[in-house]
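Examining the three-dimensional arrangement
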Protein chains: 2
Amino acid sequence: MLKEKIVRLAKKAKEASRELANLSAEKKNNALLDMADALIRNKRFLLEANQKDLRLAESRRLSSAIIDRLTLSEKRIRGMSDSLAEVAKLKDPLGEVISLRKRPNGLIIKKIRVPIGVIGIIYESRPNVTSDCIGLCLKSGNSVILRGGSEAINSNLAIFEILKSSAKRYGIPENSFNLIDSTDRRAVGYILELEGLIDLIIPRGGEGLIREVSRKSRIPVIKHYKGVCHIFVDRRADLEMAKRICYNAKVQRPGVCNAMETLLVHKDIAKRFLPEMAEEFGKAGVELRGCPKTRGILKGIKAAEEDDWYTEYLDLILSVKVVSNLKEAIEHITKYGSQHSDSIITEDKKAGMEFLKKIDSACVYLNASTRFTDGSEFGMGAEIGISTDKIHARGPMALEELTTYKYIIFGKGQIRM
Amino acid sequence: MLKEKIVRLAKKAKEASRELANLSAEKKNNALLDMADALIRNKRFLLEANQKDLRLAESRRLSSAIIDRLTLSEKRIRGMSDSLAEVAKLKDPLGEVISLRKRPNGLIIKKIRVPIGVIGIIYESRPNVTSDCIGLCLKSGNSVILRGGSEAINSNLAIFEILKSSAKRYGIPENSFNLIDSTDRRAVGYILELEGLIDLIIPRGGEGLIREVSRKSRIPVIKHYKGVCHIFVDRRADLEMAKRICYNAKVQRPGVCNAMETLLVHKDIAKRFLPEMAEEFGKAGVELRGCPKTRGILKGIKAAEEDDWYTEYLDLILSVKVVSNLKEAIEHITKYGSQHSDSIITEDKKAGMEFLKKIDSACVYLNASTRFTDGSEFGMGAEIGISTDKIHARGPMALEELTTYKYIIFGKGQIRM
């Protein structure tokens, strides 16, 4: 029953995607602006639905971190609304001529940007993902099928209903966005089987969810995986700058994927840098876990185990390692990193360029905080996530990354010889 | 044993890919030119190895189509050699700045083209795939792991050995290209498990192989699937042009994925067009299978069954359907097509533009043969295949499609507020 229901939904989403692909930018933008407004108009309804989820979460004794992510407030609703309004203002990515070739035989080959089709998004707890994904997919001409976590079902349904009735008034095809309203865990498996109906799956959530989705799916998946981000403070770093950046990357918002998880320090400046840095971190309540050399300098801190180097703490915990040179820093990041975001702090241009070249991560920084890996910070507007994959999209994914291309070829009767 | 061997090989390929990513274009091109020459220098060795495969194929009674694809000749070796030399001449795709943004906070964000890493190619029978893939992957800075069909193992090994010893002399890292020398069928399964070591899988071969690979793989797969290509002859077509193009698309080389498999004809011109077209096809020995209306015009031809519309014949067989209008043609292609290549023949600009817009295939043509869907014909040099997927690459895949990007970000101490 549930399976058939999901198949029917996906078929309708596919049909809607064909209509959506050729909708004018104006029509989509008008709808998006009213959808932004509709969230504010219906905030009371939304907060009430959210209260149901929160009461259930408390009775199920979910962690305070989950409850925090789940909670809606007037401010958070305002944020969701602003985000939709911003998406409306972004340039429409569709129809862009990516390249144009004229061949010796007279064929004109245009490579143009088109929507992907139907996107499936499987996510956990944060209700704003619902409105963000609906906005980005609508603007990029894709239908979307959303499957949120059971803990947020009432909030997600409320957001969905509000946006749907607004979009309908503006002539957006009925099944452009769809929410699976069942909390049955098998729904995810059914979605992942719909090769041919769903064109792309984006899982957003914990490591377990992403591993499960990518193992089961027959549909292409773009993984938004963990961020084990590093900062390497080189021997020729401006140490004041290094302190400021490292503090920002660890402390400003530790629970996100672009926060620093491992600090690498060149041996030549470790004795000077580490005690000062540790003092700053101490004030912010950061727990340090060090390699033997680090512990020789910072007495009394915990030892980092092998597992620590692979760990995304998402918390005020930091692993620290002293390295002999740039090469060792690069090797460490290559072995333990997650190819998300890594930074070098140095005034040595040659070392900086070598780091930028050899670190194979989505975002590699020179003298800046890893915290900038973000769609808005990159000037891409909102984001649907940050890809740690290498296929199709890398780093922040926004409108352009939700498109593909096709070739349209103009002939005058050419045949192949 | 075999599994461990493949894991070791993949690890070495990964290491080699890091070195390869930063090799100069000159070094790669010099190697490619010598590799092209080495195939000619060693043609006797190559032909002898091929003879072994051919003798085995005959004793195993493989089909004449397979034996034809398997056979090497002086001319085919020359073709493989020319192809490597051409790849050497193509522009190096690496390091290209795809976009450059300067943010209000002073951060400079460069999006640059980089290799994907390690590519796994699983293919059948044609030995030239071995040298083509080695050439394209080397030039685009990727390591490659090749797994060819058991029927071509001696030819593939010979090509591999020749290219390897040439590349070695030119300083190409040892494990840049790798061939699985076991014909054990389990090898494919082992390759598809190497998530984290292999970054992309490209299967090339029959439908069965591609389905199996995409079902089993934990690694992203770009499918090079079947081409059920259509030509729609509109009511306002130039019928002489239509005849020329349809003949070319069906007859010139029927065994390839961009050949026409279904002809759609507007009812208004069917009575005039079909008999003349059928006469041409008759001379070429094309078997026609028609819808009821077609059979009303072309007496005595076979009826097309529902399955025919889905079928890639790869042979001198063509299904033919009379449609009432453009809309019905588009609906037929949307339902039965494989999103590979489709063409409309018309002098009606509006109908042409609607077809180009609404047909969601990798390559959509106006007044030209579908046979042009090909890397060389598109001016991309050689090709590693033709993607029927929508993620990462669509249509002909060549050097650019074998790359991804990363962001390198230049700061002056910026932190996130």
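Let us look at the structure shown here. (Residues numbered from 1 in each chain as written. Chains lettered and ligands numbered in written order. Predicted model: local features only at pLDDT ≥ 70, side-chain atom pairs only at ≥ 80, totals over all residues. Heavy atoms only, no water.)

Here we take up the interface of chain A and chain B. Taken together, the contact between chain A and chain B spans 71 residues of the former and 72 residues of the latter. At the boundary of chain A with chain B, total buried surface from both sides reaches about 6,200 Å², with 52% on carbon and sulfur atoms. Taken together, chain A and chain B are joined by four salt bridges. With a closest N to O distance of 3.8 Å, A:Asp374 and B:Arg416 form a salt bridge. (Contact = heavy atoms within 4.5 Å. Buried area = accessible area lost by both parts, 1.4 Å probe. Salt bridge = Lys/Arg side-chain N within 4 Å of Asp/Glu carboxyl O.)

Strand order in the open sheet formed by ten strands is 10(A)-9(A)-11(A)-8(A)-7(A)-12(A)-13(A)-16(B)-2(B)-1(B), with mixed pairing between adjacent strands. This sheet does not close on itself; its edge strands, each paired only once, are strand 10 (302-303) of chain A together with strand 1 (97-102) of chain B. In this structure, strand 13 (residues 363-368) of chain A lies alongside strand 16 (residues 403-414) of chain B, joined through five bridges in parallel fashion. From the neighbouring strand, A:Cys363 faces strand 16 of chain B, where its bridge partner is B:Tyr407. In this fold helix 11 (residues 267-283) of chain A packs onto strand 7 (229-233), strand 8 (260-266), strand 9 (287-290) and strand 11 (317-323) of chain A, with an angle of close to 145° to the strand it touches most, strand 8 of chain A. (Pairing = 2+ DSSP bridges. Helix = DSSP H or I, 4+ residues; strand = E, 2+ residues; numbered from the N terminus. Axes fitted to C-alpha atoms, helices over the stretch in contact; angles between N-to-C directions.)

Looking now at the sheet that holds strand 3 (residues 118-123) of chain A. Residue and element names in this part refer to chain A. A sheet is described by the order of its strands in space; here four strands give the open sequence 5-4-3-6, paired in parallel fashion. The outermost strands of the open sheet, each flanked by one partner alone, are strand 5 (177-179) and strand 6 (200-204). Neighbour to neighbour, the strand axes of the sheet diverge by 15° on average, direction disregarded. Looking at chain direction, strand 4 (residues 143-147) and strand 5 are connected through three bridges and run parallel.

Turning our eyes to something else, we now look at the relation of the copies chain A and chain B. Applying a rotation about an axis and a shift along it to one chain copy brings it onto the other copy. With an RMSD of 0.0 Å, the fit of chain A onto chain B corresponds to turning through 180° and sliding 0.0 Å along the axis. Taken together, the rotation and translation relating the two chain copies correspond to the operation of a two-fold axis. Minimal C-alpha separation from the rotation axis in chain A is found for A:His392, amounting to 1.9 Å. Interface overlap between copies is the fraction of interface residues in one copy that are interface residues in the other; for chain A against chain B it reaches 100%, indicating a shared surface. (Least-squares fit on C-alpha atoms with pLDDT ≥ 70 in both.)

This part takes up unusual backbone geometry. Most of the time, phi is negative for any residue but glycine, and the peptide bond is trans. Even without being glycine, A:His392 reaches a positive phi, approximately 75°. Locating A:His392 in the fold gives a position in the loop between strand 14 (385-387) and strand 15 (395-397).

A separate point is the pairing of strand 13 (residues 363-368) of chain B. Across a regular strand the side chains alternate sides, sitting on one face of the sheet and then on the other. Residue and element names in this part refer to chain B. The element strand 13 is largely enclosed, with a buried count of six among its six residues. Judged from the four bridges that link them, strand 12 (residues 341-345) and strand 13 form a sheet pairing that is parallel. Bridge pairing in strand 13 places Ser343 opposite Tyr365. Regarding topology, helix 14 (residues 349-358) serves as the crossover connection from strand 12 to the parallel strand 13, and that connection is right-handed. (Buried < 20%, exposed > 50% of the residue type's maximum accessible area, 1.4 Å probe, protein only. Right-handed = clockwise from strand over helix to strand, strands pointing away.)

Right, let's get into the environment of B:Gln339. Residues and elements named next belong to chain B. Along the chain, Gln339 turns up in the loop between helix 13 (326-336) and strand 12. With 23 residues separating them along the chain, Gln339 and Ala362 place their C-alpha atoms 5.9 Å apart. In contact with Gln339, not counting residues within four places along its chain, are Asp360, Ser361, Ala362, Lys390 and Arg394. From its side chain, Gln339 meets the backbone oxygen of Asp360 in a polar contact 2.9 Å long. (Polar contact = N/O pair within 3.5 Å; in protein donor to acceptor, adjacent residues only side chain to side chain.)

Residues and elements named next belong to chain B. Enumeration according to the criterion identifies ten aromatic pairs over all chains in this entry. Residues Tyr247 and Phe281 carry aromatic rings whose centres are separated by 6.4 Å and whose planes lie at 15° to one another, so their mutual orientation is stacked. Separated by 34 residues along the polypeptide, Tyr247 in helix 10 (residues 239-251) and Phe281 in helix 11 (residues 267-283) bring together distant segments of the chain. Judged by its relative accessible area of 1%, Phe281 falls in the buried class. Pairing Tyr310 with Tyr336 gives two aromatic rings, centres 4.8 Å apart and planes at 65°, and the pair type is edge-to-face. Of this pair, Tyr310 sits in the loop between strand 10 (302-303) and strand 11 (317-323) while Tyr336 sits in helix 13, and the two are 26 residues apart along the sequence. Exposure remark for Tyr310: the relative accessible area of 34% places this residue in the partly exposed category. (Phe/Tyr/Trp six-rings, centres within 6.5 Å; stacked < 30°, edge-to-face > 60°.)

Moving on to the packing of helix 10 of chain B against helix 11 of chain B. Residue and element names in this part refer to chain B. Direction vectors running N to C along helix 10 and helix 11 enclose 40°, while the axes themselves pass 10 Å from each other. With respect to helix 11, the element helix 10 is oriented oblique. Of the two elements, helix 10 crosses helix 11, and the hand of that crossing is right-handed. Across from Leu239, Glu240, Ala242, Lys243, Cys246, Tyr247, Lys250 and Val251 in helix 10, the residues of helix 11 making contact are Ile269, Arg272, Phe273, Glu276, Met277, Glu280 and Phe281. Of the residues in the contact of helix 10 with helix 11, the class split is nine nonpolar, no polar and six charged. (Parallel < 35°, antiparallel > 145°, perpendicular 65-115°, else oblique. Left-handed = near helix turned anticlockwise from the far one by under 90°. Nonpolar A, V, L, I, M, F, W, Y, C, P; charged D, E, K, R; others polar.)

Residues and elements named next belong to chain A. With 13 residues, helix 10 (residues 239-251) ought to run about 18 Å at 1.5 Å a step, and its terminal C-alpha atoms sit 18 Å apart, in line with that. Summarising burial for helix 10: ten of the 13 residues are buried, a large majority. Residues of helix 10 that are buried include every one of Leu239, Met241, Ala242, Lys243, Ile245, Cys246, Asn248, Ala249, Lys250 and Val251, and no others. The residue sitting at the N-terminus of helix 10 and contributing the capping side-chain oxygen is Asp238; that oxygen lies 3.1 Å from the backbone nitrogen of Glu240. (Expected span 1.5 Å × (residues − 1).)

As for its placement among the helices and strands, B:Gly189 is situated in helix 8 (residues 186-192). The exposure class assigned to B:Gly189 is buried, which follows from its relative accessible area of 18%.

Moving on, we get to the state of the cysteines. All names here are of chain B. Applying the stated criterion across every chain yields a total of zero disulfides over all chains. The thiol sulfur of Cys133 is not disulfide-bonded, and the nearest other cysteine sulfur, from Cys137, lies at 6.0 Å. Cysteine Cys257 shares no disulfide, and the gap to the nearest cysteine sulfur, in Cys229, comes to 6.8 Å. In this structure Cys257 comes out as partly exposed when scored by relative accessible area, which is 24%. (Disulfide = S-S within 2.5 Å.)

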